[in-house]
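Overview (structure and organization)
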Amino acid sequence: MSVLVLVLAVGAACCLGFGFVLQQAAASHAPRSDYLSFRLLLDLMRVRSWLAGIGLMVCGMVLGALALGKGEVSVVEPLLATNLLFAMTLSRHRTGQRLGRQGWAGLWLLACGVAAFLVAGEPKGGTAVSSPLRHWLVIGVVAGIALALTMFAARSRATAAPALLAVAAGLLYGLQDALTRVSGQLIGDNGWAALVMNWQPYAVLVLGVTGLLLVQSAFETGPLRMSLPALTAAQPLAGIACGIGFLGDQVRTDTGALAWQAAGLAAIVVGIVLLGLHPAMPEGPVGGRRAKTLEPR
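Rules behind the numbers
- Residues numbered from 1 in each chain as written.
- Predicted model: local features only at pLDDT ≥ 70, side-chain atom pairs only at ≥ 80, totals over all residues.
- Heavy atoms only, no water.
- Disulfide = S-S within 2.5 Å.
- Buried < 20%, exposed > 50% of the residue type's maximum accessible area, 1.4 Å probe, protein only.
- Salt bridge = Lys/Arg side-chain N within 4 Å of Asp/Glu carboxyl O.
- Helix = DSSP H or I, 4+ residues; strand = E, 2+ residues; numbered from the N terminus.
- Polar contact = N/O pair within 3.5 Å; in protein donor to acceptor, adjacent residues only side chain to side chain.
- Contact = heavy atoms within 4.5 Å.
- Axes fitted to C-alpha atoms, helices over the stretch in contact; angles between N-to-C directions.
- Parallel < 35°, antiparallel > 145°, perpendicular 65-115°, else oblique.
- Nonpolar A, V, L, I, M, F, W, Y, C, P; charged D, E, K, R; others polar.
- pLDDT = per-residue confidence, 0-100.
- Phe/Tyr/Trp six-rings, centres within 6.5 Å; stacked < 30°, edge-to-face > 60°.
- Expected span 1.5 Å × (residues − 1).

Okay, the state of the cysteines next. The full count for this structure, using the stated rule, is zero disulfides. Cys 15 takes part in no disulfide bond, and the closest cysteine sulfur, belonging to Cys 59, lies 5.4 Å away. Judged by relative accessible area, which is 42%, Cys 59 ranks as partly exposed.

Right under this line is the structure:
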């Protein structure tokens, strides 16, 4: 792993983490009638803090795309998962909460989990799978799970809906990252004209907009601690699955390496959950009760 990939991925995680906190602070005041509707995005565009959060997220996505262009998905995705550390930093500043044992445990589990997966797996690039069947099988499974979770959340509107929508968005974002890397390879091999002639760039755009709607709906209906951990955990898992599934990423497969990789991924998920449930994460709308209408602020 090059230093450039590390800097780009961690920079992307920083922008994403800060951006998510600002977005949730605005979306938590949105009308419930906007749930899973594109009206939600139109209403939020009137809120300056939300636009600032989107600007940070776009910067994070650009840095992430650059990192994906220089490194393997299986390397970049675990690093992007550290966005929760930066979200925790901003939330802790806003709430005044100390990290405590739970916060430090989550921090170390997340950091050590990322390190264990990268060191044990030694992810490296390989030859992309040429079989269209395998491509569509992996894409179909990831997108199908995301669709099923979204439909369940839309019908039930239960207390688990924010987490379900966040998992669905994370799966779509992981798939988007994989197709972003494919788009970068198309540019490198055939120039910018290749983007117009292939479906992957359009799929990246559709996945991005759909994921954004799901994330904002999750932020609207529940506290950050219910949605952000699920989003952060699902994205790298989907990205790694796509990277190994059809992008040709390779990891060590001997028994010891696989055990450490599994332990690393488990530590990442547990660390994310501990950080997400930390008191520093806002429990609900920042600033008090839900407003009936959104006002610019």
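The subject of this paragraph is the pattern of salt bridges. Two side chains of opposite charge can pair, provided their charged atoms sit close to one another. Considering all chains together, one arrives at two salt bridges under this definition. One salt bridge in this structure joins Arg 252 and Asp 254, with 3.2 Å as the shortest N-O distance. Residue class for Arg 252 comes out partly exposed when judged on its relative accessible area of 33%. We classify Asp 254 as partly exposed; its relative accessible area is 35%.

This part is about the side chain of Thr 232. Along the chain, the position of Thr 232 falls in helix α11 (residues 224-245). Given the relative accessible area of 2%, Thr 232 is considered buried. There is a polar contact of 2.7 Å between the side chain of Thr 232 and the backbone oxygen of Leu 228. Ignoring any residue separated from it by four or fewer positions in sequence, one finds Thr 232 in contact with Ala 81, Asn 83, Leu 84 and Ile 272.

The subject of this paragraph is the side chain of Asn 83. Structurally, Asn 83 can be placed in helix α5 (residues 83-95). Asn 83 sits in the buried class, given a relative accessible area of 4%. Here Leu 80 takes part through its backbone oxygen, which lies 2.8 Å from a polar atom of the side chain of Asn 83.

Running from N to C, helix α4 (residues 73-80) and α11 point in directions that differ by 180°, and their axes come no closer than 8 Å. Considered as vectors, α4 and α11 are oriented roughly antiparallel to each other. Note on element contacts: α11 touches α4 through Gln 235, Pro 236, Gly 239, Ile 240, Gly 243 and Ile 244, opposite Val 73, Ser 74, Glu 77, Pro 78 and Leu 80. Residue classes in the contact of α4 with α11 are distributed as six nonpolar, four polar and one charged.

Quick look at the confidence of the model for the protein now. Per-residue confidence for the protein gives a mean pLDDT of 82, with 89% of residues at or over 70. α5 is the least confidently modelled element of the protein, averaging 78 in pLDDT, while helix α3 (residues 48-70) averages 91, the highest of any element. Contacts from residues 285-293, a stretch scored under 50 in pLDDT, to residues over four places away or in other chains number 16 contacts.

Let's shift gears to the packing of aromatic side chains. Under the definition given, this model contains three aromatic pairs. Considering the side-chain rings of Phe 18 and Phe 86, the 6.2 Å spacing of their centres and the 90° angle between planes classify their relative orientation as edge-to-face. In this pair, Phe 18 sits in helix α1 (residues 3-27) while Phe 86 sits in helix α5, placing the two residues 68 residues apart along the sequence. Looking at Phe 86, the relative accessible area reads 22%, which means it is partly exposed.

Take helix α7 (residues 132-156) next. Given a rise of 1.5 Å per residue, 25 residues ought to cover 36 Å, and the 36 Å separating the end C-alpha atoms of α7 matches this to within 8%. Buried residues of α7: Val 138, Ile 139, Val 142, Ala 146, Thr 150 and Ala 153, and no others. Next to the buried residues of α7 lie α8 (161-190), α10 (200-221) and α11.

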